[in-house]
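# Examining the three-dimensional arrangement
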Amino acid sequence: MKKIVASLLIGLCSLAVCAETHIYDGKGKETWTKTDLKPGDVVIIPNGTYADLKINVQGKGEQAKPIVLKAETPGGVVLTGASWLRYWGYFIVVDGFDFNDVTYSMYKNKVRAIIANRRAGSSSESSKDMCQACVLQRVRIDNENDKAIDTEYKWIELYGYNNVVRYNYFGAKKSGSRVLQVQLKHANAQKLPVSHVIQYNYFASRNAGKAVGNGGEALLVGDSNMQHVDAKVTVANNLFYDASILGEPEVISNKSSSNIYRSNTVRNTTASLTLRHGNRNTVENNWFLQGQTEGSGGIRVIGDDNIIHNNYIAGSAGGGKSAAYRPALGIAAGYSKKDDEANINGYQLSERNVLSNNSVIQSAQPVMLSTWYDRGKLSMTRPPMQTTFINNLVYQLDVAPSTADWVRGLAISVDYTPDSEYGNNYGIDKAEYVPSFAKVKGNITDGKVSPLVSKGTKAESKKELKGCDAFGTGDIVYLPLKKAGADLSKMDEPLVWTDSVKSARLGPDWLNANWGGEKKAYKGC
């Protein structure tokens with residue numbers, strides 16, 4: 001009878017594909033691989049500390065029956081040294097690992113990331129060995145080994161399509177290069193959007209490392225060569241705290257098109273969210289609470305048809321190294337057509353961008369609607385064209401705007417070169433190079449503004465803004481004035497991560513005792 005039942009079960013499993021549990025039984029210092037996993041299979045790493053353990057998992061799960069690679073208990077598996085995770089296939093969930101005292105790995109004589117959803121050594125232009133509809137969640141990477149400081153490498157590389165990175169803690173990356181980079185060569189080759197979602201992650205301070213001039217972003221979506229790819233990545237409800245290396249002007253660097261940056265919080269960070277390349281991106285409902293941190297910025301725009309709407313930027317101090325790259329809200333001038341065509345990583349002409357209902361409060365380099373940079377022999381001869389600038393609130397209160405050439409004490413400046421108000425220093429008729437506007441209307445400020453935007457900007461220096469802790473997070477924020485400024489009631493709470501206070505749903509639940517708590521709602525002033 002038992003043989004008959006066993007035979008029946010084997011028959012049913014072959015028809016229904018029975019799930020299996022696979023348990024690692026090693027001690028680390030090895031490469032451990034599980035491939036051809038089936039829907040519902042579970043791969044468990046027992047609790048403990050493992051040095052130099054390289055875990056590779058591949059399989060085809062289903063939406064209702066994903067493959068799960070997990071720590072025995074969330075946070076109970078500590079991976080150290082040159083450990084890594086590689087996972088590829090369909091519907092795979094990676095859950096609950098703790099990387100500590102980590103460093104990069106070498107594979108085929110190349111420096112490799114700690115986590116990647118692609119088979120090591122496979123083609124970056126084919127999605128065959130990448131992940132689709134996979135999830136990376138409740139993972140911590142922290143306390144990078146000091147031996148890694150002088151090597152540039154990424155912590156996470158995201159490939160494939162329709163993947164999610166959520167509820168993670170990305171801590172003190174002291175080495176150069178990005179914490180997380182979205183790779184797009186395969187999307188470019190296949191002409192498909194990747195449609196990833198990056199949400200509820202905490203990107204912590206990076207300033208224990210050495211200062212860099214470039215390459216120290218927390219998040220990079222694409223690269224200069226992929227700027228025309230419609231990536232359609234959504235970056236939402238993440239917290240970036242002091243999250244770029246000193247000297248790097250971009251904490252979030254966008255280098256692709258059709259992405260959404262929504263409801264993120266940037267605090268005390270010496271950098272900006274920068275649409276460095278790409279078109280048709282949306283930046284909305286984000287918080288930049290910079291606390292007068294030297295070098296801090298807000299949002300910087302390069303490209304066409306981008307929408308910057310309902311963002312709140314306060315205490316952006318600007319200054320520091322490459323100060324002109326760090327406005328609270330700004331658009332850059334572009335290279336000449338000749339120099340643009342010769343430099344894929346240069347500054348493109350910016351056209352038809354919309355900046356609406358943003359609040360810029362107490363910022364030293366407030367709004368800069370055409371900014372020239374010293375790029376050596378490269379000519380920045382094309383200012384932004386057909387910009388829409390409507391219903392923005394720019395209030396200085398007790399903070400005076402910078403007197404640098406490209407601000408000149410203005411709350412809203414429209415500069416072109418450091419030499420003259422709307423000219424250039426190449427001896428060309430300056431009238432041809434004045435920035436143009438599609439619409440300027442409904443803006444309010446308590447400061448002085450460029451004559452190019454004065455007709456659509458009202459001075460309200462005697463009006464007092466109403467401010468309060470509108471979300472109960474300890475942040476004093478100011479309400480819009482009339483119809484100008486960010487409507488705070490449409491925004492999610494400013495995110496917080498301190499020893500005593502952590503926002504609900506942020507980071508791993510095993511690090512956040514308030515993970516399951518109530519989100520803080522807008523309560524007004």
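Refer to the structure above for everything that follows.
Residues numbered from 1 in each chain as written. Predicted model: local features only at pLDDT ≥ 70, side-chain atom pairs only at ≥ 80, totals over all residues. Heavy atoms only, no water.

### Section: the overall build of the protein chain
Using the following cut-off: Here a strand is any run of E in DSSP of at least two residues, a helix any run of H or I of at least four, and the numbering for each starts at the N terminus. Radius of gyration means the value over C-alpha atoms here, while the globule rule gives 2.2 Å times the residue count to the 0.38 power. Three exposure classes are used, based on accessible area relative to the maximum for each residue type with a 1.4 Å probe and protein chains only: buried under 20%, partly exposed in between, and exposed over 50%. Contacts are residue-level and defined by heavy atoms, with any inter-residue pair within 4.5 Å sufficient. Surface accessibility in these figures is a Shrake-Rupley result with a 1.4 Å probe; residues are shielded only by whichever protein chains are displayed. Charge convention: Lys and Arg are scored as positive, Asp and Glu as negative, and His as well as the terminal groups of each chain are ignored. To locate a charge, take NZ of a lysine, CZ of an arginine, CG of an aspartate or CD of a glutamate.
Looking only at helices and strands, the protein chain features 3 helices and 46 strands. A compact globule built from 525 residues should have a C-alpha radius of gyration of about 24 Å, and the protein chain, at 25 Å, falls within 12% of that. Viewed in the frame of its principal axes, the protein chain has a C-alpha envelope of about 90 × 50 × 45 Å. Across the 525 residues in the protein chain, those meeting the buried criterion constitute 61%. Once local pairs closer than 6 in sequence are excluded, the contacts in the protein chain between residues at least 24 apart make up 71%. By element, 49% of the accessible surface of the protein chain is carried by carbon and sulfur atoms, the whole surface being about 20900 Å². Distance between charge centres in the protein chain, computed from 62 positive and 52 negative side chains, equals 4 Å.

### What about the environment of W497?
You can see W497 is positioned in the segment after β46 (477-478). Along the sequence, W497 and Y241 sit 256 residues apart, while their C-alpha atoms lie 8.5 Å from each other. Sequence-distant contacts of W497, that is, excluding residues within four places in its chain, are made with Y169, Y202, L239, K502, L506, G507, L511 and N512.

### Structural notes on the pattern of salt bridges
Opposite charge on two side chains permits pairing when their charged atoms draw close. To be explicit about the condition: Salt bridges are counted wherever a side-chain nitrogen of Lys or Arg sits within 4 Å of a carboxyl oxygen of Asp or Glu.
Considering all chains together, one arrives at 16 salt bridges under this definition. K174 is the partner of D146 in a salt bridge, and the nearest nitrogen-oxygen pair spans 2.6 Å. Taken together, the residues D146 in the loop between β16 (140-142) and β17 (156-158) and K174 in the loop between β19 (169-170) and β20 (180-182) connect sequence positions 28 residues apart. For K174, a relative accessible area of 15% corresponds to the buried category. By sharing partners, the salt bridges in this structure join D304, D305, E351 and R352 into a single network.

### Concerning empty space enclosed by the protein
Where we set the bar: Grid points spaced at 1 Å and placed over the protein atoms alone form the basis of the search, with a cavity being a set where a 1.4 Å probe fits but cannot get out and a pocket an open set showing protein on both sides within 12 Å along at least five of seven lines. Lining residues have an atom within 4 Å of a point. Grid points are joined across faces, edges and corners, and a volume is the space filled by probe spheres set on the points. Only Asp, Glu, Lys and Arg are considered charged in this grouping, and only Ala, Val, Leu, Ile, Met, Phe, Trp, Tyr, Cys and Pro are considered nonpolar; every other residue, Gly among them, is considered polar.
All chains considered together, the criterion is met by 1 cavity of 30 Å³ or more. Looking at the lining of the largest cavity, the elements with two or more residues in it are β13 (115-116) and β17. Per-element accounting of the lining of the largest cavity gives the leading share, 3 residues, to β17. Here the residues of the lining of the largest cavity sort into 7 nonpolar, 1 polar and 1 charged.

### Description of the pairing of strand β35 (residues 329-332)
Short version of the rule: A pair of strands counts as paired when DSSP detects no fewer than two bridges linking them.
Burial along β35 is two-sided: the residues L329 and I331 and G330 and A332 are all buried. As paired strands, strand β32 (residues 299-301) and β35 are joined by 3 bridges and run parallel to one another. In the strand pairing of β35, V301 is matched with I331. Pairing between β35 and strand β38 (residues 367-371): 3 bridges, direction parallel.

### A closer look at the state of the cysteines
Rules: Disulfides are defined as pairs of cysteine sulfur atoms found within 2.5 Å of each other.
For the structure on display, the rule yields 2 disulfides. Through a disulfide, C131 is tied to C134; the S-S separation comes to 2.2 Å. What sets the handedness of the C131 and C134 disulfide is the S-S torsion sign, and at about -70 degrees it is left-handed. A residue is classified by how much of its surface remains accessible, and C134, at 2% relative accessible area, is buried. Here C468 is linked by a disulfide to C525, with a sulfur-sulfur distance of 1.9 Å.

### Observations concerning the nonpolar core
If you look at soluble globular proteins, the nonpolar side chains tend to sit buried side by side. What counts, and what does not: Take the buried residues of types Ala, Val, Leu, Ile, Met, Phe, Trp, Tyr and Cys, join any two whose side-chain atoms come within 4.5 Å, and each joined set is a nonpolar core.
Among the nonpolar cores identified, the biggest contains 82 residues, and F97, F99, I115, I141 and L369 are the most heavily contacted of them. Residues within four places of I141 in sequence aside, it is in contact with F99, V102, I114, I115, W155, I156, Y169, F170 and G171. If you look at the next biggest cluster of nonpolar residues, it comprises 20 residues, including L289, C468, V477 and A486.

### Considering the environment of N392
In this fold, N392 is placed in the loop between β39 (387-390) and β40 (393-395). N392 sits in the buried class, given a relative accessible area of 1%. When the C-alpha atoms of N392 and R382 are compared, they prove to be 24 Å apart, with 10 residues separating the residues in sequence. Other than its neighbours up to four places away in sequence, N392 contacts L355, S356, N357, N358, G442, N443, I444, A484 and G485.

### Brief notes about the side chain of D242
Rule in force here: Polar contact is the term for a pair of N or O atoms within 3.5 Å; when the atoms are in protein, one must be able to donate a hydrogen and the other to accept it, and sequence-neighboring residues count only if both atoms are side-chain atoms.
Take D242: it is sitting in the loop between β25 (239-241) and β26 (250-255). Despite being buried, D242 has no salt bridge partner; R206 is the closest side chain of opposite charge, sitting 9.3 Å away. Polar side-chain contacts of D242 include one of 2.7 Å to the side chain of S205. Filtering out sequence-adjacent residues up to four positions away, D242 remains in contact with A204, S205, R206, N207, R267, N268 and T269.

Just geometry here; none of it tells us what the structure is for.
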